[in-house]
Number of protein chains: 4
Amino acid sequence: MGVMRIGHVSVKVMDVEAAMKHYVNVVGMDVTHRDSDGTTYLKCWDEWDKYSVVLIPSDRAMLHHIAYKVETEADLDVLGKRVRDAGVEVTEVPAGQLPFCGRSVRFRLPSAQTMYLYAQKEFLGKDVGVKNPDPWPDTKHGIGAHWLDHCLILGELDPEKGINRVEETFRLLTDALDFHLSERIMAGPNYSVMAGAFMFRSCKPHDIAIVGAPTNGFHHLSFFLDDWKDVLLAGDILSKNRTRIELLPSRHGITRGETVYFYDPSGIRNETFAGLGYQAYPDMPVITWTEDELARAIFYTSREWVESFSTAYIPV
Amino acid sequence: MGVMRIGHVSVKVMDVEAAMKHYVNVVGMDVTHRDSDGTTYLKCWDEWDKYSVVLIPSDRAMLHHIAYKVETEADLDVLGKRVRDAGVEVTEVPAGQLPFCGRSVRFRLPSAQTMYLYAQKEFLGKDVGVKNPDPWPDTKHGIGAHWLDHCLILGELDPEKGINRVEETFRLLTDALDFHLSERIMAGPNYSVMAGAFMFRSCKPHDIAIVGAPTNGFHHLSFFLDDWKDVLLAGDILSKNRTRIELLPSRHGITRGETVYFYDPSGIRNETFAGLGYQAYPDMPVITWTEDELARAIFYTSREWVESFSTAYIPV
Amino acid sequence: MGVMRIGHVSVKVMDVEAAMKHYVNVVGMDVTHRDSDGTTYLKCWDEWDKYSVVLIPSDRAMLHHIAYKVETEADLDVLGKRVRDAGVEVTEVPAGQLPFCGRSVRFRLPSAQTMYLYAQKEFLGKDVGVKNPDPWPDTKHGIGAHWLDHCLILGELDPEKGINRVEETFRLLTDALDFHLSERIMAGPNYSVMAGAFMFRSCKPHDIAIVGAPTNGFHHLSFFLDDWKDVLLAGDILSKNRTRIELLPSRHGITRGETVYFYDPSGIRNETFAGLGYQAYPDMPVITWTEDELARAIFYTSREWVESFSTAYIPV
Amino acid sequence: MGVMRIGHVSVKVMDVEAAMKHYVNVVGMDVTHRDSDGTTYLKCWDEWDKYSVVLIPSDRAMLHHIAYKVETEADLDVLGKRVRDAGVEVTEVPAGQLPFCGRSVRFRLPSAQTMYLYAQKEFLGKDVGVKNPDPWPDTKHGIGAHWLDHCLILGELDPEKGINRVEETFRLLTDALDFHLSERIMAGPNYSVMAGAFMFRSCKPHDIAIVGAPTNGFHHLSFFLDDWKDVLLAGDILSKNRTRIELLPSRHGITRGETVYFYDPSGIRNETFAGLGYQAYPDMPVITWTEDELARAIFYTSREWVESFSTAYIPV
């Protein structure tokens, strides 16, 4: 009961045709619906719900909202109340307003991202079916990502002004929505300031993460691949498509993930990553990364900070 | 809340020194405790609780019990009551009787295996620590399994006599303990008989599985590896140690797992497998394998039944 | 100068359409020519000459011939003379008789296989081209084998009758054609009988191998894959195509190769294998496998002899 | 007959103890000899000759010489004469002057590197032995490189002044030493200037490469790994040892190699790379990379030039 997983990320993009081609040809998703205004819904071959990415035509790149799926309708009421009790305004959203979904609740995280919870979305099924299925479909294309895995959001962090949206959002997600903390980044005097929080509801190292930044924002959406070999092939496919790569294949210290970062045509950062990393459970001891090891935490292989990681992100 | 994961498997072995060497040198576990009678407790480097395998000296190989860890003490009461309400006798076990654990509840599954639930076990920590950790420890040895991942038990299945312990155990695990069904094997007329059930509480394709057999039994315990390359290296290490291999590296249809099977010195079947396979959630559509595709379900790569899979197992 | 590599294998097959589908859809080759009688020529995407496999319609499966490419026209004269000097009848074959090839020389190995040497074959080019090429073509399909890598032939071995075609063919290949020995299997008293020889002209562990058998024959043709992950995917593709697999993914002791064996529709054994294994040079110390370790030599992972390896092969 | 492979690279290093630790603990070599002045000889576990890297104590990092092994003593005379006939001064070096080697010939390439050819070096054997060997030794440590694979040297290139040491060295290596060209980089008007040449004597994509630079120099020595997974693990080991990484795991366009670059403690660039890439033969069509695609040629995955590749190298 409660939040199961990330359901979808909805972003505004500047050239929706170019964006669609990217998520189809490069990431390997399929278009499952298009609105008359060009808004495009896509899913991965290993997902069963109607969509996990929504592309909305716009004149700037920005996050529209993130949405997490809960297990039952009742969860919406329970969790909505808990968010409201935490002092956050919650809007009850009727069925259908979140396209192809049942009723939902909407609120803004302390770090300003709009978040929906919903319990029901139109079912399409995995591309391999449910009867004596093959492990992967012959129609797999591009990078062939399995599923939207998680997103990383940014929270304003200014200890001198006493602002720490990272910690506030962490508190809301863990207290009201029962997310568990797997890893955290601690900064400042005696490493007492929470500068990053990686949280899970499933058993993956993270289903959502928040890291400190000068302003609230949206950092990346991440897709799952089978293993490190698929990260190499993802790199090949990115190169063939002349996609802009930000970080070459390498390992994260946080989550142990095997990763490659790149940008969609609107400059929205994508990650495709592989490796279970580890299996996270509520009783797993929380891992702490101290600020002095931050580059190693994020960029374990190189231990060198990639400058654009701090500066390139989209507003919310 | 509820069951989190498999906690340990306790088996009786015929030569405990030989068994210990196997689980240390081949599987890659570490001994964390030995009783004066030779009973040996081991953990994997990526586990944090005191042990996940117990080896009890005996004159025959058999299952002693399986144990699953629940999230809270309160879960023991709730789940114990639900098992009892399902008509199964439940014993309250005081702290310490399950070694290094808090209080627990014990009952027998319809398929006769003894199962414990416990909420607390002595904490040792992962070998990589919790502060700025490396992704793997330099002390990794042998196959270097990450963790005990799941077990597969056998339930008596004799449709003509109206006996189906597979379905009974499936009912208990799902109804009383909230396990979810990921995949099932259906046999008999119109594929109406449940001959296998793969169930999860985490988000892995299975945390426990039960398959039909002439008698109740215990089929294998399985350890997690990073990826398919580690399955190759596991094969090399098995060969160097002259360990008896039952199934060469290959893929399962069920769970998509990348696997190799072998025996410990007492003839207890081990699996080391890799590949997340897929991420299972309560709303994932259940996958059905029909009896006519059974060899492909278990042995996807070869599609040929390995005879010993049906005949070699230990009693419970 | 001298022999460069295996050029092609020409086999008689019983259902040439079925065979063609196998080598195209499963192995991943492309048809580059068909004769009016159905004889079919195929190449791999990473090969540049017109064909490496020839399928000849017939009423039984058998080897037609194997062919190796030499570096220069002059090599044909030099090597032809050396084979003749070794007491083997050599036929000068005019250009075009070996389809799409220049002149060639033909002879029978002591183990009875017909072997051609040729210096020129029609050039088609790799599928990725020669100008700023991608590492692999988007048209890759099926298993996507890189190239025909080697073949393994069988030589009659009956020490009691004083027959050892393995050693005779080994002598001819090394003495007259300058093949180098990388590994050998020694059997009989004091391991004094050569029962297998693995030989190279390139720097791969083998370009041709011969092993003892009750009769002369042809054991398998082998295609190269990138790495162990591709062996897993090859297994998946074999399973999807319901191709008969003989040996699951595993490692060879000899050559260290990572391998899977299967049959084409006429029962001709194919191997797809990966892993450089090692780089062989003329000064590499020869590796010796003794008969008592033969199962481990061939089937390193399992150390169990696969019976059909001894019994299933085609005549020459 | 002729050149077989790279034999060793001899470099001057600033802190020979630190360098030794690097090549042992990080690269995974073993020390096979030390001179009284600290000069250190190392080999990889899969090599059989006494050493492939020599570290000479010095106050600056620079190349001492590169050495290639030929097949026979007679090759030394033939090839020495051909080099001399090409107008290059050749010195006959008595046995033992090149440590643990037989007689050799020495000359300077047009690009100024000192090159030795030798036919004999003291034999030690692979760590796995030659009788029924395992595929890898239990004593493997660090990255566990298989062998020194190739080196890349730099030749002064200044078309305006009519200086092209790249082409001159290419001419000498191909004309006098029978190296074959696998790939080339063409720059300048109509891409008529040879700015890079990748050459082989074995069947690997390159045994030596030369690329244009402002001055003659030495760019890197490269070690072979099994596959892409080993590149990930190499990255982990580099990170654990706090070794400075220059290029994260990625693919080369040229050679298709899967690579990671880093520096030894003296700033000498090392590569560990995997992937056969392709099998090169004298009749393979030469691949041409045009200057406008140079970043993609070297850094296929990112297509972005790594500045230090042009600026960081050691003198010769």
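As the structure is a computational prediction, the values presented were derived from the model and not from experiment.

Trainee: Describe the sheet that holds strand β6 (residues 90-93) of chain B, listing the residues and the values that go with them.
Mentor: Residue and element names in this part refer to chain B. In space, the eight strands of this open sheet follow the order β2-β3-β4-β1-β5-β8-β7-β6, with mixed pairing throughout. Both outer strands of the open sheet, β2 (30-34) and β6, are each paired with one neighbouring strand and no more. The average undirected angle you get between the axes of adjacent strands in this sheet is 25 degrees. Sheet topology places strand β7 (residues 104-108) next to strand β8 (residues 114-118); five bridges connect them, and they run antiparallel. In the sheet register, Arg106 faces β8, and the bridge partner there is Tyr116. Relative to β6, helix α2 (residues 73-85) is tilted by about 155 degrees, and along the sheet it contacts β1 (3-13), β5 (62-70), β6, β7 and β8.

Trainee: Quick one: what's the story with helix α1 (residues 16-26) of chain D, residue by residue and with numbers?
Mentor: Residue and element names in this part refer to chain D. Looking only at α1, the buried set comprises Val16, Ala19, Met20, His22, Tyr23, Val24 and Val26. One side-chain oxygen at the N-terminal end of α1 lies 3.2 Å from the backbone nitrogen of Glu17; it belongs to Asp15. One or two steps after α1, the chain reaches Gly28, where phi turns positive at roughly 95 degrees.

Trainee: Quick rundown of the domain arrangement of chain A? Include the residues and the values.
Mentor: Residues and elements named next belong to chain A. Partitioning chain A into domains gives domain 1 (3-118) and domain 2 (148-315). Computed from C-alpha coordinates alone, the two centres of domain 1 and domain 2 are separated by 20 Å. With 41 residues of domain 1 at the contact, the number on the domain 2 side is 40 residues. The interface formed by domain 1 and domain 2 contains one salt bridge. For Arg82, the salt bridge identified is with Asp178, shortest N-O distance 2.8 Å. Summed over the shared surface of domain 1 and domain 2, the result is 14 residue pairs in polar contact (both at pLDDT 80 or more). Mapped onto the side of domain 1 that touches domain 2, the elements with two or more residues apiece are β1 (3-13), α1 (16-26), β5 (62-70), α2 (73-85) and β8 (114-118). If you tally residues by element for the side of domain 1 that touches domain 2, the top one is β1, at eight residues.

Trainee: Quick rundown of the interface of chain C and chain A? Include the residues and the values.
Mentor: If you look at the interface, chain C gives 13 residues, while chain A gives 13 residues. With both sides pooled, the region where chain C packs onto chain A buries about 1000 Å², and carbon together with sulfur makes up 49% of that total. When the buried area of chain C at its contact with chain A is split by residue, Trp136, Lys229 and Lys240 of chain C rank highest and sum to 59% of it. The interface formed by chain C and chain A contains six salt bridges. The partner of Lys229 of chain A in a salt bridge is Asp227 of chain C, and the shortest N-O contact between them spans 3.1 Å. Our count for the contact surface shared by chain C and chain A stands at 10 residue pairs in polar contact (both at pLDDT 80 or more).

Criteria and thresholds
Residues numbered from 1 in each chain as written. Chains lettered and ligands numbered in written order. Predicted model: local features only at pLDDT ≥ 70, side-chain atom pairs only at ≥ 80, totals over all residues. Heavy atoms only, no water. Pairing = 2+ DSSP bridges. Helix = DSSP H or I, 4+ residues; strand = E, 2+ residues; numbered from the N terminus. Axes fitted to C-alpha atoms, helices over the stretch in contact; angles between N-to-C directions. Contact = heavy atoms within 4.5 Å. Buried < 20%, exposed > 50% of the residue type's maximum accessible area, 1.4 Å probe, protein only. Polar contact = N/O pair within 3.5 Å; in protein donor to acceptor, adjacent residues only side chain to side chain. Domains from an automatic or database assignment. Salt bridge = Lys/Arg side-chain N within 4 Å of Asp/Glu carboxyl O. Buried area = accessible area lost by both parts, 1.4 Å probe.

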